[in-house]
Structures are given as C-alpha cells and as structure tokens.
Amino acid sequence: AQSVAQPEDQVNVAEGNPLTVKCTYSVSGNPYLFWYVQYPNRGLQFLLKYITGDNLVKGSYGFEAEFNKSQTSFHLKKPSALVSDSALYFCAVRSGYSTLTFGKGTMLLVSP
Amino acid sequence: NAGVTQTPKFQVLKTGQSMTLQCAQDMNHEYMSWYRQDPGMGLRLIHYSVGAGITDQGEVPNGYNVSRSTTEDFPLRLLSAAPSQTSVYFCASSYSADLKSNNSPLHFGNGTRLTVT
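Scoring rules and cut-offs
Residues numbered from 1 in each chain as written. Chains lettered and ligands numbered in written order. Predicted model: local features only at pLDDT ≥ 70, side-chain atom pairs only at ≥ 80, totals over all residues. Heavy atoms only, no water. Disulfide = S-S within 2.5 Å. Helix = DSSP H or I, 4+ residues; strand = E, 2+ residues; numbered from the N terminus. Buried < 20%, exposed > 50% of the residue type's maximum accessible area, 1.4 Å probe, protein only. Core = buried A, V, L, I, M, F, W, Y, C linked by side-chain atoms within 4.5 Å. Contact = heavy atoms within 4.5 Å.

Turning our attention to the state of the cysteines. All told, the structure shown has 2 disulfides over all chains when counted by the stated rule. Each sulfur of the disulfide joining Cys23(A) and Cys91(A) lies 2.0 Å from the other. A torsion of -60° about the S-S bond marks the disulfide between Cys23(A) and Cys91(A) as left-handed. Of this pair, Cys23(A) sits in the loop between β3 (19-21) and β4 (24-26) while Cys91(A) sits in strand β10 (residues 87-96), placing them 68 residues apart in sequence. Cys91(A) gets classed as buried once you look at its relative accessible area, which sits at 0%. Disulfide pairing places Cys23(B) opposite Cys91(B) at an S-S distance of 1.9 Å. The sign of the S-S torsion, about -70°, decides the handedness of the disulfide formed by Cys23(B) and Cys91(B): left-handed. Of this pair, Cys23(B) sits in strand β3 (residues 19-25) while Cys91(B) sits in strand β9 (residues 87-94), and the two are 68 residues apart along the sequence.

Here it is in structure tokens:
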C-alpha cells in the first residue's frame, strides 16, 4: 500500500530562517507526491506536487520541495520563513487513480 | 465562484440520530470526495465520486453513505451517528479524477465540525 510518513509533529523556526518539513514515502511503482497546507479553521490548500521530471519542485507562496528517490523523501522547504507560514502541513501520495493518502500532518510554528 | 461550500459549519448530534452533511461545488468538477480529520491521524478518505452516478468507498466508509445525483452536489449521510464519528469533515473536489494530472489539485471546503454525544 502507498503511504507517507511525517516524522515531526511540530517544527519550530525563527522568522527569516530557512525551514524544512520532512516527508518520506513508501510506494510501489512511480511516486506521485503532494504538499497541502491548512490554516486555522480552513480547508486544505494545494502547495505543490511531484509527478516526474526535476527533483526540485517549486510551488505557491515561495515553497519548494525536493524529491529524493534514493532516500524516498519529499521534504518541503522555504529559504526564509514568515510568521504567516505558521500552519499545519500535510504530505500526500496518490494511492490510487482517484485517491490520495495523507500523512498525519506537521505543525509549523514560525516565531517573530 | 464560491468554490466548495459545506453546510452546516457546526453540528451536535445525539447517538443514533441521522443527518446529512451537504457539499456543493460550482466549478464543474468531475471528482468529489469526503475526508474526516482527527487529531494525530491526518485526513482519511471516506467516500469519493469520479462523476455523477458513480461513487466508491475510501479508507473508512463504514457508517456513511453517499450519492452523486448531480455534478455539483455530493452529500454525506450518517444513518445512525456514533461518538466515534465525532470529527471534522472536509469535502474536496477536483476538475479531473486522475489526481496526478495538471488539472487535479484538490479544492477543499472549510469543513463541518461534528460532535456526537
């Protein structure tokens, strides 16, 4: 079965510092990977996805993610964190033609 | 465009009661789905639909029914509510049912917070 793991419940970073939110995956076949963000009392919003091609994927709000096949990882990164980036981040994998399996989420807290 | 609209925002039920969570989208999306979000468990897929008249089960379908009579609407029915169904429910839609396509990012509603006592 396709799955993703987010090993950190929470990540703390100071504003202006780079941030990384980790995700590892387990799939049979080609991995199709996604990142979503959830702000308080809202639904999830799409950030970026990896389907094929360049290992560095750029997405919304200055976020990017690095696909690493040998380490089966798809970490979310941003060079300079903003307080407004504080939110819950979900990694997901396409587990079937029309289904996504989400990780448990990582809370990102950016301090001023 | 309103996007994905979920009603109600909040609901409290007693064990054994039934109710329907409404979901409507105005983007002519082919694909619609229901997830539940529980602390420490992320989002889990309940049911999904790849088009009007077609529904399928996700990871946690027990206790829930769905139907898709129109492209726009995808209601979720709880026939006999149980405390284990206390959760936040999200409806999501996508233009394409192929969730790796360029037209397939999921668009989420703002959720329904359900408490079953």
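This paragraph deals with the nonpolar core. Residue and element names in this part refer to chain A. Judged by nonpolar contacts, the single largest core of 26 residues is most densely connected at Trp 35, Leu 47, Leu 48, Phe 74, Leu 76 and Tyr 89. For this core, the secondary-structure elements that each account for two or more residues are β2 (10-14), β3, β5 (33-38), β6 (44-50), β8 (64-68), β9 (73-78), β10 and β12 (106-111). Residue contributions to this core peak at 4 residues, all from β10. Phe 74 has contacts with Cys 23, Leu 33, Phe 34, Trp 35, Leu 48, Lys 49, Tyr 50, Ala 65, Glu 66 and Phe 67, leaving out every residue within four places of it along the chain.

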